[in-house]
Amino acid sequence: MMTQALSEGLSLTVEEFGAKFSLRINPDDLDTASKAFGLAIPRAINDGDIYGSRRAACLGPDEWVLYAEAEELSAIQNNFSCLSTPYALVDVTAREQRIFLSGVNATAAISVACPLDLSVLNVGQSKRTVFDSAQIVLNHIAVNQWELEVLRSFTPHVVGLLAQHG
Amino acid sequence: MNTHRCDTRGQIDRSKPVTFKFDGKDYQGYAGDTLASALLANGVHLVGRSFKYHRPRGVVTAGSDEPNALVEVHEGAGRFTPNTRMTLQEIYPGLTVTSQNRWPSLSFDGMAINDRLYMMFSAGFYYKTFMWPQSFWKKVYEPVIRQAAGLGKPPTENDSDNYTASYLHCDVLVVGTGAAGLAAALEAGRSGARTVVVDEHAMAGGSLLAGETTTIDGKSTADWACDTVAELEGMENVSLMTRTTAFGYYHENFVALVERLSDHLPPEAKPKFREKMWRVRAKEVVLAQGALERPLVFDGNDRPGVMLASAAQTFLHRYGVKVCHAPAVATSHDSAWRVAFSHHDAGMKPVAIIDTRAEVRTDLLDEAKRRGIPVRLSHTVVSTKGRLRVKSLHIAPVSGGKVGAVERLSCDAVLMCGSWTPSLHLFSHTKGNLAWSDELESFLPGEKSEKCHIAGAGDGLWGFDAVLQSGADAGAAAASGAGFPMTATSYAVEHDDAGTGVTHRELPTSGNPGKARAFTDFQNDVTAKDVRLAVREGMRSIEHVKRYTTNGMATDQGKLSNMNGLVVAADALAKEPPKVGLTTFRPPYSPTTFGTFTNLARDEHFLVTRRTAIDNWAEEQGAVFEPVSLWRRAWYFPQPGESMHDAVNRECLAMRKSVGIFDASTLGKIDVKGPDAVEFMNRMYTNPWAKLGVGRCRYGLLLGEDGYIRDDGIIGRLAEDHFHVTTTSGGAPMVMNMMEDYLQTEWPDLKVWLTSITEQYSVIALHGPNARKVLEPFVEGLDISEEAFPHMSVADCTICGLRARLFRVSFTGEFGFEINIPSSHGREVWETLMEAGKTYGIVPYGTEALHVLRADKGYIGVGQDTDGTVTPYDAGLGWAVGKKKPDFVGMRSLARPDLAAEGRKQLVGLLTKDPKTVLEEGAQIVDDHNQPVPMKMTGHVTSSYWSPTVGRSIAMALIENGHARLGEVVHIPMPDQVIEAEITGAVFFDPDNTRLSA
């Protein structure tokens, strides 16, 4: 979608998700969910795992986010519908937008308005936090590459602040 | 040749001359100079006029404690800064500054008449003099006083600079880069800890840069500082930030810094941001802020040319500036003797060292003798003379409390030292206790409340040896505390001079003490006499003395004045200083720009504005927006030439007549799923949910524990174990939090999960008799006929090829739908429906029309018609309370006698006698407007509109016992008239709901 080079060492892209679910389930039943999703869903908060086009991140003691390609959405819902244990799998594909930040200044740009010590978030990890007054989920994708999942209505504010900082 | 420069000293760049302008005149300095050092190098001492008396003032310090040398900096449009401290402002080519608080000029100031009238302007003179007449306050006294007294003028244009901010996490934060700070930083840096080191000056080193004879590990102090800075800069884990002030110390080792990025650079070289606020969270903090030299308090101690001895030392060693040629050195501490020797050795001729003490170390006396500097022990300073610059110093011997004959010393400067005050500002911010030291006659850091270490002169230590060791110890302790074990390094310090001294109240004088102009606070023009007067007039605590005299209340935060004011007050009260108290220091440590505090939160980013996916379409159509909680929503869509009234009328009528389209995306939406979903809904909402069929909707009412209405919304049942809850736009986060709170703390046994889906969907409300005709062609997989999909239905389906959730609901009383589609496609579907609706004259309407349309039907707006004290019964919503349910949030409170009582304020309709009169929302209602004032108010108007549907004004109101008073007439007194209105039911249109079906 739209990519802006904000400054030397920092570029920003806003994209939509393919398919994204919020998964709530009793951690004791997580293995059945892993089977339905097709990858071992991580158990430790902030941890993430990727297998093929699917990714899962653990945000809370019984809360996960699952990511996949758009065309996989129905299949994933169908797989879960066979579960005999209670769960909530909610399609939140359009709820957030993803803001990619990359470059040597990407980490510093997030620190402009995110009070988190970013050095504690390893590559592959995810964390729910805030950017200024917007709730975000922060994904550390690779060295100098971050993704901010921002509730859509907050995107102009977050992008505007990042652009203003440059 | 410039006789004010010392060619062998100073860390300025002599290869880079810099021309700048002060009060319209060009001066030359060098790169590395501050305004203060550069002007002093030009022999300029007179730089300002005082706050109240307009007395001539000169540079007193070489740092951020400067009370006098304040100027206005002009850097073009939107770049004007008053009250800039010349001791911190570095010069650059073209820098233009002017002096403040003088008219017409610095050397001749008409307002100096105040100085002659000083007996009038004693402490508390405002309170005593300008009592009456009251009418003079606003128009005469205040403007005149504000004009005559004060500092720089406030800027009149918007600040055109940019400011930024950042969070910063580190293991060890070191504040200050003097001997203690650098030693601490070395330990932390070498330990591998993430270390941040800050100093407010342009160059790190502090007093190391002004040392002379002392050596550290065989190097001069300046060389040691230079090497240490180089070592620190070479460490990847260390960030050394100069021009950076730590201005506030908050809970949990949260320290605020301001980094000045551009004030020292010419316009063409200025970076994007002027200043940056760093919000630092440090595991351990080392405070190495040093100590502030205290002025001596004597008549004329404010004359230009009278300055702190350490300041002269700094100007000499750091900037290569001789502030004088023949200084008199007046002191009560050994440190100023070194200053006298330095000045002698640099080619100046100190006229005398005047020490208040009877006995001084023999080595100092010997060194003075060797240099031929006359010495006067047991002497007091009586006064100074000289109009715009000190010309002579009058001293006298003191013996047995008696002041002897006055001796006049010609001099061109007085370098004074009244001992030293540890700088405890940041420590004080942490609410750590201060402990009085009898030995040092000063406060020292006491019990700590944060993980911080105080090192060096800030801890009352003196001499490089002790200070370095203290710094190293603090640094090692901080590093160890942060998880990087470290043992402190030792330093070999030679030729050190750990001096001692005493402190004084105002010095004894042979003159009339009542006429002495002996200043304790230079910036606020407070004298020792003022402090004594305050005590005589009943002030006992230093907090009261401070406010009565304004001692210590200027922008320098009492850095020089607090302790002198305290010892004078203590003397007047015949108490020990700690018994009189010390005022609390509060952030910021030194004046900080509003820009720094605001940083990126300006203009459209001052507050977050949430926008729907359809927001930009509305903007393109010229919609007027209104804020609704954090959202902005389209308020109405004016056509060319239309007033708001015209637009709203048109929008309402078009919707009722054919079809209207409304962006309802801001509605809160919560997905409730799990085997216990019904039980959870039963407990949260007043309504019963068990019998609600799958695919059906119900109006839900949410109370607080107090039984009052908190929120409402339509709730659809998607499956036996699955609900789609909607909330009000403003209440969405509150409802989500409240539900999660109950679920996690009260009912963790319930198997149900909540997921916010507010932003997953754009919600397009399509209402009006032709709504189905517009929508039908785009719906797949669902029969939306009246029979198959009646009012209060919900179903998942496909709309415009997208996964959608369709509700057949209405907040307007008109037939229609709420279409939920993934918000990534919100605008696209909106535009599709707009295009398809053209045939039917589709009209987009805003929130104002919505309010009118819902009021036609008497539908309440939570937060508008309710105010946190309205029960379901008050609002006429008793039907929504499940009578057979065992419990729900607020149920118990509804049974309380005062909530169940008859005659509470109840929501009713109001129709004005004159149908054209639209009541004011919030207007108070009385039964009898002829009763005496104050009248008994029986209610107030909650909603009021012109309804084009009904063809008259309509209103809703909360009125005592309203439900039993239908048909009665009440009165609404307004400033220009009394309006008569009849209490009615709240439904003004289609009471039988015939229009909900089509």
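Look above for the structure.
The following paragraphs examine the structure supplied in this document. These numbers were taken from a predicted model, which means no experiment stands behind them.

Of all eight residues making up helix H19 (residues 677-684) of chain B, six are buried, and the element is well covered by its neighbours. Buried within H19 of chain B we find Ala 677, Val 678, Phe 680, Met 681, Asn 682 and Met 684 of chain B.

Turning next to the sheet that holds strand S19 (residues 352-355) of chain B. Residue and element names in this part refer to chain B. Strand order in the open sheet formed by five strands is S17-S25-S18-S19-S20, and the pairing between neighbours is parallel. Taken across any chain shown, the strands that pair with only one partner, and hence form the sheet edges, are strand S17 (306-308) and strand S20 (375-376). Where strand S18 (residues 327-331) lies against S19, four bridges are found, and the strand directions are parallel. Looking at the pairing, Val 329 lines up with Ile 353 of S19.

It is worth spelling out the interface of chain B and chain A at this point. At the junction of the two partners, chain B supplies 37 residues and chain A supplies 40 residues. Across the chain B to chain A interface the summed buried area is about 3000 Å²; carbon plus sulfur atoms make up 54%. Here chain B is connected to chain A by three salt bridges. For the salt bridge of Glu 740 of chain B with Arg 24 of chain A, the shortest nitrogen-to-oxygen distance reads 3.9 Å.

We now examine the packing of aromatic side chains. All names here are of chain B. Evaluation of the coordinates by the stated rule reveals 24 aromatic pairs over all chains. For the pair Trp 337 and Phe 341, a centre-to-centre distance of 6.5 Å together with 70° between the ring planes defines the contact as edge-to-face. Of this pair, Trp 337 and Phe 341 are both found in helix H8 (residues 335-345), four residues apart, which corresponds to roughly one turn of the helix. With respect to class, Trp 337 is no different from Phe 341; both count as buried. Its end group placed over the ring of Tyr 167, Arg 279 keeps NZ or CZ at 5.2 Å from the ring centre.

A few words on the side chain of Thr 984 of chain B. Mapped onto the fold, Thr 984 of chain B is located in strand S52 (residues 978-984). Dropping the residues within four chain positions of it, Thr 984 of chain B is found in contact with Val 908, Gly 909, Leu 910, Leu 911 and Leu 966 of chain B.

Residues and elements named next belong to chain B. Taken in spatial order, the seven strands make up an open sheet running S42-S43-S44-S45-S41-S35-S46, and their pairing is mixed. Each end of this open sheet is capped by a strand with a single partner; those strands are strand S42 (779-780) and strand S46 (843-844). Pairing of S42 with strand S43 (residues 793-799), which is carried by two bridges, proceeds in the antiparallel orientation. When the sheet's bridge partners are listed, Glu 780 is paired in S43 with Thr 798.

Our focus in this paragraph is the environment of Arg 57 of chain B. Residues and elements named next belong to chain B. Counting through the fold element by element, Arg 57 comes out in strand S4 (residues 56-58). A relative accessible area of 1% places Arg 57 in the buried class. Separated by 516 residues in sequence, Arg 57 and Leu 573 have C-alpha atoms that sit 31 Å apart.

Definitions and limits used
- Residues numbered from 1 in each chain as written.
- Chains lettered and ligands numbered in written order.
- Predicted model: local features only at pLDDT ≥ 70, side-chain atom pairs only at ≥ 80, totals over all residues.
- Heavy atoms only, no water.
- Buried < 20%, exposed > 50% of the residue type's maximum accessible area, 1.4 Å probe, protein only.
- Helix = DSSP H or I, 4+ residues; strand = E, 2+ residues; numbered from the N terminus.
- Pairing = 2+ DSSP bridges.
- Contact = heavy atoms within 4.5 Å.
- Buried area = accessible area lost by both parts, 1.4 Å probe.
- Salt bridge = Lys/Arg side-chain N within 4 Å of Asp/Glu carboxyl O.
- Phe/Tyr/Trp six-rings, centres within 6.5 Å; stacked < 30°, edge-to-face > 60°.
- Lys NZ or Arg CZ within 6 Å of the ring centre and 35° of its normal.

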